Amino acid sequence: FSQEVIIRFKHLVVALGAAIDLSRVPGMSEHSFLMQNVGDAMKLRAAVLARFEEANLVTDTDRRRRLLTFVVVGGGYSGVETAGQILDLFQDVHKYYKNIDPMDFDVFLVHSRDHLLPTLSISLGRYAQKQLRKRGLKLCLERRVKAVTANQVELDDGTYIETNTVISTV
C-alpha cells in the first residue's frame, strides 16, 4: 500500500479530450480521414495503398492523378508528419507499381497560417517547409478548405484540387 496523500486545490479541471467538429467545412466529415490515433493511421495507410493499387490498374490519366493526389489539412505536428509519411510511403513502394508514373503523384498540405508547425519557432516551421518542399510536398499556406467532395477539395481562394483522399488533422 502507498500512503494516503491529501492534495489541496482551489480549482480542479478534468480534461477528458476534445471533440472534433468538422461540420464547419461542408463535406469534410463525410469525405475525409480523421487522424487522431494509431487506428486512424492504420486505416489511412491501408487506404493509401489501395489508391496505389487502383491507380496501377486504371488507364484514364485524370482518374489516376486524382487517385494519386493526397490532401492533408492542417500544418501542425500531425499534418506535417502525415504528409511526410505519405511521401515516404510512395518512395518506398512506387517501384512495385509499373503503371504509375511518379509525375502523377502529389501530396498537398493546406494550412491556414503563413508557416508550418505554429507551436514551434517560426524558423523551425520554415525549415520544415523547406525540407518538405524539397521532397515534393506542395504547400498551400494561408489557405483554408472551403468544401470537400468525393472528388475534390475547394480552397477559400476559389482553387480546386482534384483528389479522392483528404486527411483532416485539424
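These numbers come from a predicted model, not from an experiment. (Residues numbered from 1 in each chain as written. Predicted model: local features only at pLDDT ≥ 70, side-chain atom pairs only at ≥ 80, totals over all residues. Heavy atoms only, no water.)

**Student:** Would you mind going over the pairing of strand β2 (residues 69-73) with me for this structure?
**Tutor:** The side chains of a regular strand alternate, first on one face of the sheet and then on the other. Within β2, 5 of the 5 residues are buried, which leaves it mostly tucked inside the rest of the structure. Going residue by residue along β2, you find T69, V71 and V73 tucked away on one face and F70 and V72 tucked away on the opposite face as well. Pairing analysis gives 5 bridges linking β2 to strand β3 (residues 106-111), with the strands arranged parallel. When the sheet's bridge partners are listed, F70 is paired in β3 with V107. On the question of chirality, the crossover connecting β2 to the parallel β3 by way of helix α4 (residues 77-93) is right-handed. Bridge count between β2 and strand β8 (residues 165-168): 4 bridges; the pairing is parallel. Within β8, the residue paired with V71 across the bridge is V166. (Buried < 20%, exposed > 50% of the residue type's maximum accessible area, 1.4 Å probe, protein only. Helix = DSSP H or I, 4+ residues; strand = E, 2+ residues; numbered from the N terminus. Pairing = 2+ DSSP bridges. Right-handed = clockwise from strand over helix to strand, strands pointing away.)

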